[in-house]
Amino acid sequence: MANGKDKPAHEIRLGRIKAVIWGNEIEGGGFRHNVQVRRIYKDGEEWKQSDSFGRDDLPLVAKVADMAHTWIHERLQDKA
């Protein structure tokens, strides 16, 4: 995945929930995507991220996951 220098292929954000999509080349010339879903929040003056979600976050988690899935499929269609 990312080593801190790489940039994500795409990011989707709805409110405080975001999906970060990473593109990764694999051996043999293939390609795949990985997705990280995070909740962002402010702790004092500092922005932080968590992979823990409350009940009210779950509809947005589902929505950003669906949007990430659609984005990846569209990229695959472009390559076909």
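For the structure itself, look to the data block above.
Residues numbered from 1 in each chain as written. Predicted model: local features only at pLDDT ≥ 70, side-chain atom pairs only at ≥ 80, totals over all residues. Heavy atoms only, no water.

Draft legend 1. Just the overall build of the protein, in detail. A tally of helices and strands in the protein yields one helix and four strands. Ordered by position in the sequence, the α and β elements of the protein form the string β-β-β-β-α. The principal-axis extents of the C-alpha atoms in the protein amount to approximately 45 × 30 × 15 Å. The proportion of buried residues among the 80 residues of the protein is 22%. Put simply, of all contacts in the protein between residues at least 6 apart along the chain, 33% involve residues at least 24 apart. With an accessible surface of roughly 5,900 Å², the protein has 47% of that area assigned to carbon and sulfur atoms. Positive and negative charge centroids in the protein, built from 14 and 13 side chains respectively, lie 2 Å apart. (Helix = DSSP H or I, 4+ residues; strand = E, 2+ residues; numbered from the N terminus. Buried < 20%, exposed > 50% of the residue type's maximum accessible area, 1.4 Å probe, protein only. Contact = heavy atoms within 4.5 Å. Areas by Shrake-Rupley, 256 points an atom, 1.4 Å probe, with all protein chains shown as cover. Lys, Arg positive; Asp, Glu negative; His and termini not counted. Charge placed at Lys NZ, Arg CZ, Asp CG, Glu CD.)

Draft legend 2. The sheet that holds strand 3 (residues 30-43), seen in detail. The four strands are arranged 1-2-3-4 in an open sheet whose pairing can be described as antiparallel. Each having just a single partner strand, strand 1 (10-14) and strand 4 (46-50) make up the two edges of the open sheet. On average, each strand axis in the sheet is tilted by 30° relative to the strand beside it, whichever way the strands run. Pairing geometry for strand 3 and strand 4, over five bridges, is antiparallel. Its bridge partner being in strand 4, isoleucine 40 is matched across the sheet by glutamine 49. (Pairing = 2+ DSSP bridges. Axes fitted to C-alpha atoms, helices over the stretch in contact; angles between N-to-C directions.)

Draft legend 3. Quick look at the nonpolar core. Counting nine residues, the largest nonpolar core is built from Ile12, Ile17, Ala19, Ile21, Val61, Val64, Ala68, Trp71 and Ile72. Looking at this core, the elements that each hand over two or more residues are strand 2 (17-26) and helix 1 (58-79). If sequence neighbours within four positions are ignored, valine 61 has contacts with Ile17, Val37 and Phe53. (Core = buried A, V, L, I, M, F, W, Y, C linked by side-chain atoms within 4.5 Å.)

Draft legend 4. Seen up close, the pairing of strand 1. In terms of strand pairing, strand 1 meets strand 2 through five bridges, oriented antiparallel. Opposite leucine 14, over in strand 2, you have isoleucine 17 as the bridge partner. Here strand 1 folds back onto strand 2, and the loop between the two strands holds two residues, one of which, glycine 15, carries a positive phi near 60°.

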